[in-house]
Amino acid sequence: MLTKFETKSNRVKGLSFHSKRPWILASLHSGVIQLWDYRMGTLIDRFDEHEGPVRGVHFHKSQPLFVSGGDDYKIKVWNYKLHRCLFTLLGHLDYIRTVQFHHEYPWIVSASDDQTIRIWNWQSRTCISVLTGHNHYVMCAAFHPKEDLVVSASLDQTVRVWDIGALRKKSVSPADDIMRLSQMNADLFGGVDAVVKYVLEGHDRGVNWAAFHPTLPLIVSGADDRQVKLWRMNDTKAWEVDTLRGHMNNVSCVMFHAKQDIIVSNSEDKSIRVWDATKRTGIQTFRREHDRFWILAAHPEMNLLAAGHDSGMIVFKLERERPAFSVSADTMFYVKDRFLRFYEFSAQRDTQVISIRRPGSVSLNQGPRTLSYSPTENAILICSDADGGSYELYFVPKEVFGRSDLVPDAKRGAGGSAVFIARNRFAVLDKSSNQVLVKSLKNEIVKKSALPIATDAIFYAGTGNLLCRAEDRVAIFDLQQRIVLGELQTPFVKYIVWSNDMESVALLSKHAIVIASKRLVHQCTLHETIRVKSGAWDDNGVFIYTTLNHIKYCLPNGDSGIIKTLEVPIYITKISGNTIFCLDRDGKSRTIVIDATEYIFKLSLMRKRYDHVMSMIRSSQLVGQAVIAYLQQKGFPEVALHFVKDEKTCFNLALESGNIQIAVASAKEIDEKDHWYRLGLEALRQGNAGIVEYAYQRTKNFERLSFLYLITGNTEKLTKMLKIAEVKNDIMGQFHNALYLGDVQERVKILENSGHLPLAYITASVHGLHDVADRLAAELGENVPSLPEGKAPSLLMPPAPIMCGGDWPLLRVTRGIFEGGLDSVGRGAAEDEEDVDEGAWGEELDMHDVENIEDRDIAEVLADGEVAEENEEEGGWDLEGLDLPPEEETPKASAGACSSIFVAPTPGMPISQIWIQRSSLAAEHAAAGNFDTAMRLLNRQLGIKNFTPLKMMFLDLHAGSHSYLRAFSSAPVISLAVERGWTESASPNVRGPPALVFNFSQLEEKLKAGYKSTTAGKLSEALRTFISILHTIPLIVVESRREVDEVKELIIIVKEYVLGLKMELKRRESKDDPVRQQELAAYFTHCSLQMPHLRLALQNAMTVCYKAKNLSTAASFARRLLETNPTNEQQAKLARQVIQAAEKNMTDTVELNYDFRNPFVVCGATYVPIYRGQKDVSCPYCSAHFVPSQEGQICNVCELAVIGADASGLFCSPSQVR
């Protein structure tokens, strides 16, 4: 049983497959009807108008309808496209058990617990016949697929067959009057529409289900007596043929399989059973743990079944439909109906070769699964699941072709899978021992080889090599050398397809395709929601594959797309040019011609075969949004431009590819404000001032236009803008333009005219226009505003523009790959023919578009001679002629542009990327700002996990490796990389490593400061200094190997001090525990310290132990102190006195966890001795030792690394790279 889809829900009582779409209806005990897509595994819709369980449901064969019947006595007809119930049929008086549409007439048959069967016309929405005769609940009723019969099953222990021929004749309009008359008589005098033809008695209990055979005169029934009975009928009578026994409980449903000679039944004993209809024996049983089965449904066209149970339903197939085949050059061998067949691709000729019938096979799925062919020996291996996995070896003599009656002897053997691995050798998998047996053509074992992974199938992978499949991976195994050549983690692989040159392999799993090289180096993975069925490589190295409903392609870079939609699934065998050779589920060879243009185009683009791309564009074989989107996504908007007819799309692509010329043309066609605005932005980005100006004019965006003239220093046009603002009566616009021009008198005039006399007076006074100021003061009288005293006024003047003139310097760039070839294609040609004086850009671009912007007549306003004169000279400000210029006069391209299409130069690699490209030094990654990779490197090299102490150092490194320059006031700050070891003679094209703010000499200075603090007894300060050294070391870089050794030495020195000082500070805290105080003082003396510090530690330990009356231990410290030859006489004298006092009484009052005779190291977390021979773990960075229980914790000494972590070691110099 091959489960295709499973749902979890309330108890399923009714099921129905859609005849064309991959849909199934499930009616539930809860009253809900679910519509599932079993191919995608998704719930499409739910219908819940019934009250109580819905026991019957059925799709119409051709209309978008389905019918349902429930315990609410209602039959509802639904339209699934409208998502609603169309109408309800009322008439039954009890629960409705089953409903079914007639395959031809507009009828519905329903069975009910009211002991009747009703036939309804769903077009007239009336009941046209009531079939009475059963004397208990009618459990099911169904139309015959071809004849005018209905079968019903009832709890009265009978199955009845009804003849509804009269009903058909009545419903088909009679042709002549005599027929119509007899029809009327029948209606008046109670003519019977449906009569009982047979009553089948034989079950001992109530019958739950009865069904017709699709073609033969047979009926099958299942009942509460746990039996399935087979009945035959002829024109006059019906009789029982046989009884199938095996179910342990009531049989719920039973049916004939449409495609195979079998009966399928299910039961409340939680099993589905499959029976051989001819031998009438059980073939197979499928059981569920906890769920009773209630209903079965068969797909009307496909080999699919569904079963409903207590907690959902399953859609399943009984047997695999994929034919076993093997392709070799121009030929293919495949198995169909127990015959081996031979197919020639070139001649498209199909021949039956030999019979491979296997007698005595009773259970399902015993057919051939795989086929392997050795062309030189003409030998064929056929593998199947029979007997737990077996193979058969056939030899096909050349003269046999065409003589299919021959049944040759086969050499058989057990084995999960068998494949040819050489001309006369084949490999068989022995799953039990996980080894492969290499056999000769005589079926004798030549050698055995253990497999490297737990293999459940083997495939051919080149001569002498096997591809082994495990649950989650595949591996290529060389049988000669017995080594693994490649391994790859994959989803569970079902099929593998090698390319023609054996360089690439496609690994097909249920919902994914993995493409890999011949050594299993991963190239790409493709995920599909619908099941992948087959695939083959075409001549261009593109993998063509099929899902249940599409033929698709996969390019080497992982891009995929649909080639063709399929009505039924196919299995691709070979691809030749545009022809796909395939086998269908019936084992017939078919050819499908496909259009390969799309994927060839994408492949050419990917492989940079631009000549092919050009020719395909010229022949315009490709159209559609998908191609445009693909080109845009892959960074070829200028190519996409030539596929586009839609102006808006064209405009967007032109902006994206920087093609201002086409963008202007499109903007003129669209003529919307938003598009002109975006065009202006792009032109501004490119520095094409002429087009910016034109775009602002078209949108009448006078504020932006004024600002543009300000920054380009075009005072002449600013003056005109001032005039336009006057005409529009735009006071604010006038004032702004006067401000931009630095025209003080105009500003005073504007303020005065608008009634702002105080502001006008202040402006005039500040700028020294005293006569105007006096006149305004007289007008203001007593309200003259006072100016602040002691302040020096300054002129409010506009800044001088950085650059005057039209366009900014435009980038000189080479033409794009496609431009030369594409200019003649599409819209480029029309543009080029226009004869435009390109020199006219900066001068003649005037606002022709000022029409209807004022109430007054503009000509009147500008009637003075000066303006008229100006207009005569310019020829562009004739504000009376308000017509737009013809299109030729639209600016076409800037004088500075050197090509018809702007192609931005490819940006160089950022310096931060250059720094980290080949560096494994964490400090350099941090300096480049790649904190993420710096942390990963430190984790890998030193096991560091706690990065909090390093945060500020990372930031310092990043900030310290960059400098910042201010450019113009309007330009952003420029970031400059600071390189380590830069000299003036260095090549400008070769980038050095980043400058780092931390270096080794700083650490040496810090170490001296730490020593000094320790000597002075400032232990907390000393500890902070030493810890900061430990935190800085991972982020320094040194040049030579000698310096690397010095850094490693420094880590050990500092670690000893940090550990010792932490113990001493801990001792000072534990004043109430004298024993612990003595132990910590004793451990401190075993840290590797400088001699002066060691003497201080020994003196300290001696004093603590002496005061605690541990004289023997105190004496041992005194002796060690004297052995150091102390330079301080006071220390030596004290030590001698302690020894003298101890010799009188060589005892310790308390026992310490301390044995100075036995070498030990101190745990950095618990501060207990770890004696030689005891287990310990260490920090991968500072190498401090710890008791095993501390493994996985952050180290207490360096506070950075994880104790016991795997690490490769300190990497602080480029010289460490071999």
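Residues numbered from 1 in each chain as written. Predicted model: local features only at pLDDT ≥ 70, side-chain atom pairs only at ≥ 80, totals over all residues. Heavy atoms only, no water.

You'll find the protein chain entered in an unreviewed UniProt entry as Coatomer subunit alpha, with Carnegiea gigantea given as the organism. Of the protein chain, the UniProt comment under Subunit (unreviewed entry) reads exactly: "Oligomeric complex that consists of at least the alpha, beta, beta', gamma, delta, epsilon and zeta subunits." (UniProt positions renumbered as here; feature names shortened; annotations may be inferred.)

Here the focus is the overall build of the protein chain. On a plain count of helices and strands, the protein chain comes out with 32 helices and 61 strands. The buried share among the 1218 residues of the protein chain stands at 52%. Pairs at least 24 residues apart make up 49% of the contacts formed inside the protein chain by residues separated by at least 6 positions. Carbon and sulfur atoms provide 49% of the accessible area of the protein chain, an area that totals close to 58,000 Å². (Helix = DSSP H or I, 4+ residues; strand = E, 2+ residues; numbered from the N terminus. Buried < 20%, exposed > 50% of the residue type's maximum accessible area, 1.4 Å probe, protein only. Contact = heavy atoms within 4.5 Å. Areas by Shrake-Rupley, 256 points an atom, 1.4 Å probe, with all protein chains shown as cover.)

Take the side chain of Glu924 next. Of note, Glu924 is situated in helix H23 (residues 922–927). Within the structure, the side chain of Glu924 is placed 2.8 Å from the side chain of Ser919, a separation counted as a polar contact. With sequence-adjacent residues up to four places away left out, Glu924 is seen in contact with Trp915, Ile916, Ser919, Arg980, Pro993 and Pro994. (Polar contact = N/O pair within 3.5 Å; in protein donor to acceptor, adjacent residues only side chain to side chain.)

Let's shift gears to the packing of helix H7 (residues 647–656) against helix H8 (residues 660–670). The N-to-C vectors of H7 and H8 enclose an angle of 150°; their axes lie 8 Å apart at closest approach. As the angle between them shows, H7 and H8 are arranged roughly antiparallel. Of the two elements, H7 crosses H8, and the hand of that crossing is left-handed. Side by side, H7 and H8 meet where Glu647, Lys648, Cys650, Phe651, Ala654 and Leu655 of the first sit next to Ile662, Ala663, Ser666, Ala667, Glu669 and Ile670 of the second. Residues belonging to the contact of H7 with H8 are distributed by class as follows: 8 nonpolar, 1 polar and 3 charged. (Axes fitted to C-alpha atoms, helices over the stretch in contact; angles between N-to-C directions. Parallel < 35°, antiparallel > 145°, perpendicular 65-115°, else oblique. Left-handed = near helix turned anticlockwise from the far one by under 90°. Nonpolar A, V, L, I, M, F, W, Y, C, P; charged D, E, K, R; others polar.)

Now for the packing of aromatic side chains. Scanning the entire structure with this criterion turns up 32 aromatic pairs. Here the aromatic rings of Trp107 and Phe143 are separated by 6.4 Å at their centres, their planes lie at 35°, and the arrangement is tilted. In this pair, Trp107 sits in strand E11 (residues 107–112) while Phe143 sits in strand E14 (residues 138–143), placing the two residues 36 residues apart along the sequence. Its relative accessible area of 5% is what places Phe143 among the buried residues. When the ring centre of Trp294 is taken as reference, the NZ or CZ atom of Lys13 above it lies at 3.9 Å. (Phe/Tyr/Trp six-rings, centres within 6.5 Å; stacked < 30°, edge-to-face > 60°. Lys NZ or Arg CZ within 6 Å of the ring centre and 35° of its normal.)

Quick look at the pattern of salt bridges now. According to the stated counting rule, one finds 42 salt bridges in the structure shown. A salt bridge links Arg168 to Asp148; its shortest N-O distance comes to 2.5 Å. In this pair, Arg168 is assigned in helix H1 (residues 165–171) and Asp148 in the loop between E14 and strand E15 (149–154), connecting sequence segments 20 residues apart. Salt-bridge contacts for Glu1129 lead to Arg1136; the nearest nitrogen and oxygen are separated by 2.9 Å. For Glu1129, a relative accessible area of 51% translates into the label exposed. Judged by its relative accessible area of 41%, Arg1136 falls in the partly exposed class. (Salt bridge = Lys/Arg side-chain N within 4 Å of Asp/Glu carboxyl O.)

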